[in-house]
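Each chain is listed here by its residues.
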Amino acid sequence: MERKTSQSGFTLLESLLSLSILLLTLPFLPFLFQSISDDSYYNELAIEQFFLFIADESHRAEYTVVDNNQIMFIHSEEKHVEISKYKSVIRRQIAGQGHEILVRDINSFIVTSSSAGIKIRIRDGKGDYYEKIIPIL
């Protein structure tokens, strides 16, 4: 007599094994999703680099003029370097020409002159504020 067996179903052992693997990996899913959606520090690093760039430019310049939320550095070769906000970026121009983007996604750029140096306040697209006083030598 011939016996028919079906091999297409799951056994109890296979079901328990898959359930135990699922239960072991389930607690790690929140950490996985958190690492995927972790905020980058790109804007913060870009603005810190911008502050360092402005400090370096001010140390190399002979004169520094702050007017109308713009910084103008005058070098010995009579080269005028302007730092200003244009739309949502902060740009650098030499003698009013060119368009070198230094920082992107900026809502406000406020520059004032103080006794300690140049005070720069920046608000980025996320709403974070950054402030730095660059001493003028």
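In what follows, the structure referred to is the one given above.
Keep in mind the model is a prediction, meaning the values are calculated, not measured.

Reading the values: the criteria
- Residues numbered from 1 in each chain as written.
- Predicted model: local features only at pLDDT ≥ 70, side-chain atom pairs only at ≥ 80, totals over all residues.
- Heavy atoms only, no water.
- Core = buried A, V, L, I, M, F, W, Y, C linked by side-chain atoms within 4.5 Å.
- Buried < 20%, exposed > 50% of the residue type's maximum accessible area, 1.4 Å probe, protein only.
- Helix = DSSP H or I, 4+ residues; strand = E, 2+ residues; numbered from the N terminus.
- Contact = heavy atoms within 4.5 Å.
- Polar contact = N/O pair within 3.5 Å; in protein donor to acceptor, adjacent residues only side chain to side chain.
- Salt bridge = Lys/Arg side-chain N within 4 Å of Asp/Glu carboxyl O.
- Pairing = 2+ DSSP bridges.
- Axes fitted to C-alpha atoms, helices over the stretch in contact; angles between N-to-C directions.
- Phe/Tyr/Trp six-rings, centres within 6.5 Å; stacked < 30°, edge-to-face > 60°.

Visitor: Looking at this model, I keep getting lost on the nonpolar core. Mind explaining?
Guide: Burial of nonpolar side chains together is a common tendency in soluble globular proteins. Residues Phe50, Ile71, Ile83, Phe109, Ile120 and Ile122 are the most contacted members of the largest nonpolar core, which totals 20 residues. Listed by contribution, the elements that provide at least two residues to this core are helix H3 (42-60), strand S2 (70-74), strand S3 (80-86), strand S6 (106-113), strand S7 (118-124) and strand S8 (129-134). By residue number, the principal contributor to this core is H3, which donates five residues. Discounting residues that sit within four places of it in the chain, Ile122 has contacts with Ile47, Phe50, Phe51, Ile90, Ile106, Ser108, Phe109, Asp128, Tyr129 and Tyr130.

Visitor: Mind showing me how you'd approach the environment of Arg91 here?
Guide: Tracing the backbone through its elements, the reader meets Arg91 in strand S4 (residues 89-94). With a relative accessible area of 16%, Arg91 lands in the buried category. If near-sequence neighbours (up to four positions away) are discounted, Arg91 is found in contact with Glu82, Ile83, Ser84, Tyr86, His99, Glu100, Ile101 and Leu102. At 3.3 Å, the side chain of Arg91 and the side chain of His99 are in polar contact.

Visitor: I tried to follow the pattern of salt bridges on my own but got confused; where do I start?
Guide: A side chain of one charge can pair with a side chain of the opposite charge if their charged atoms are brought near each other. Per the stated rule, a full pass over the model turns up five salt bridges. The residue Glu57 makes a salt bridge to Arg92 at a minimum N-O spacing of 3.5 Å. Separated by 35 residues along the polypeptide, Glu57 in helix H3 and Arg92 in strand S4 bring together distant segments of the chain. Side by side, Glu57 and Arg92 carry an identical accessibility label, which is buried. Between Glu100 and Arg92 there is a salt bridge, and its shortest N-O distance comes to 3.1 Å. Here Glu100 falls in the partly exposed class, since its relative accessible area comes to 36%. Looking at Arg92, the relative accessible area reads 13%, which means it is buried. Here the residues in one salt-bridge network are Asp56, Glu57, Arg60, Arg92 and Glu100, joined through shared partners.

Visitor: Even after reading the chapter, I still don't get the pairing of strand S5 (residues 97-103), so can you show me in this structure?
Guide: Successive side chains on a regular strand alternate, one facing one side of the sheet and the next facing the other. Here S4 runs beside S5; their pairing, made up of four bridges, is antiparallel. The residue bridging Arg91 from the neighbouring strand is Ile101, located in S5. Once S4 ends, the chain turns through two residues before running back antiparallel as S5, passing Ala95 with a positive phi of about 55°.

Visitor: When you look at the sheet that holds strand S1 (residues 63-67) in this model, what are you seeing that I'm missing?
Guide: Paired through backbone hydrogen bonds, the strands of a sheet run either parallel or antiparallel to each other. Ordered by their spatial adjacency, five strands build an open sheet running S1-S2-S3-S4-S5, and the pairing between neighbours is antiparallel. On the outer flanks of this sheet lie S1 and S5, each paired with one strand and no other. On average, each strand axis in the sheet is inclined to that of its neighbour by 20°, with strand direction left out of account. In this structure, S1 lies alongside S2, joined through five bridges in antiparallel fashion.

Visitor: Teacher, can you tell me more about the packing of aromatic side chains here?
Guide: Aromatic ring pairs are described here by two measures, namely the spacing of the ring centres and the angle between the planes. Tallied over the full model, the rule gives two aromatic pairs. Aromatic side chains Phe50 and Phe51 sit 6.0 Å apart centroid to centroid with 45° between the ring planes, which places their arrangement in the tilted category. Neither Phe50 nor Phe51 differs from the other in exposure class; each is buried. Both rings, one in Phe50 and one in Phe109, keep their centres 6.1 Å apart while their planes meet at 70°; by these two values the pair is edge-to-face. Placement of the pair is Phe50 in helix H3 and Phe109 in strand S6, with a sequence separation of 59 residues.

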